[in-house]
Amino acid sequence: MITCIDQVLTPENLATIHQYLEVAEFVDGRQTAGMFAQPVKHNQQLQGDTDTARSIKAMITEALGSNALFQAIARPHTIRPALINRYGPGMGYGWHTDNALMGDPPIRSDMSLTLFLSEPHSYQGGELLIDDGPGPQSFKLAAGSMVLYPSTFLHAVAEVTDGVRLAAVTWVQSLVRDPHQREILFDLDTVQRSLFEKYGKTLEFDLIHKTHRNLLRQWVDL
């Protein structure tokens with residue numbers, strides 16, 4: 001399941017992040033690419049071991065933690081600190097699949113996300129391309145919005161031809177490893193919340209709520 005979530009970051013968040021990035025140091029993005037992705041990765045990345053980077057990462061982590069839709073879909077066990085990427089003219093990231101294990105100590109990458117930091121009109125190209133089977137889908141969202149998708153999918157960033165594309169990327173180890181099970185749980189959660197809002201605590205609500213809870217017990221991987 002590929003999901004777009006609007007307004008993950010507030011305008012105030014974005015203004016602060018852009019203020020930080022105007023004077024920040026960027027390095028070659030290939031430093032964090034896997035062996036097979038390095039030849040197709042052409043971007044810059046915010047130097048990670050600085051107060052600026054830590055402040056931006058903390059802001060993004062807090063925003064993800066307080067976003068109810070993200071929490072309901074991803075059911076995160078662990079979220080990696082975000083990487084901040086910069087793409088200028090001529091830069092892009094060819095087709096690749098994210099590493100299965102990330103960081104030290106490692107987490108399993110179940111879901112990947114791209115959080116857009118630049119408004120789409122400020123750069124040309126730079127679309128996030130995700131191949132979910134029938135063919136690639138293209139995403140270029142408003143600043144502060146994100147795309148959340150299974151890390152098993154091939155994906156790419158189209159070449160930027162003008163302007164600068166800024167985005168944060170990170171990875172989630174979910175409490176529920178299987179993407180189909182996560183989708184079932186999200187659908188059931190959506191229905192139970194809707195029923196409760198419309199009719200209160202009914203027999204039908206209790207049955208769906210019980211099923212949702214029991215599937216969680218069966219599928220959660222701690």
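Quick summary incoming for the structure in this document. Remember, predicted model here, so these are calculated numbers, not experimental data.

### With respect to the overall build of the protein
In step 1: Broken down by element type, the protein carries five helices and 17 strands.
In step 2: A compact globule built from 222 residues would reach a C-alpha radius of gyration of about 17 Å, and the protein, at 18 Å, matches this within 12%.
In step 3: Within the protein, the fraction of its 222 residues that count as buried is 44%.
In step 4: Within the protein, contacts between residues separated by at least 24 positions form 77% of all contacts whose residues are at least 6 apart in sequence.
In step 5: Accessible area of the protein: about 11400 Å², with a carbon and sulfur share of 54%.
In step 6: Both charge centroids of the protein, one from 18 positive and one from 25 negative side chains, sit 6 Å from each other.

### Things to note about the pattern of salt bridges
In step 1: A full pass over the atoms with the stated rule returns eight salt bridges.
In step 2: A salt bridge links Asp-28 to Arg-30, with the shortest nitrogen-to-oxygen separation between them at 2.8 Å.
In step 3: Asp-28 sits in the partly exposed class, given a relative accessible area of 31%.
In step 4: Note on Arg-30: relative accessible area 39%, which makes it partly exposed.
In step 5: Here Asp-206 makes a salt bridge to Lys-201, at a shortest N to O gap of 2.8 Å.
In step 6: Shared partners join several salt bridges into a network, and the residues in it are Arg-108, Asp-110, Arg-177 and Asp-221.

About the cut-offs
Residues numbered from 1 in each chain as written. Predicted model: local features only at pLDDT ≥ 70, side-chain atom pairs only at ≥ 80, totals over all residues. Heavy atoms only, no water. Helix = DSSP H or I, 4+ residues; strand = E, 2+ residues; numbered from the N terminus. Rg over C-alpha atoms; globule rule 2.2 N^0.38 Å. Buried < 20%, exposed > 50% of the residue type's maximum accessible area, 1.4 Å probe, protein only. Contact = heavy atoms within 4.5 Å. Areas by Shrake-Rupley, 256 points an atom, 1.4 Å probe, with all protein chains shown as cover. Lys, Arg positive; Asp, Glu negative; His and termini not counted. Charge placed at Lys NZ, Arg CZ, Asp CG, Glu CD. Salt bridge = Lys/Arg side-chain N within 4 Å of Asp/Glu carboxyl O.

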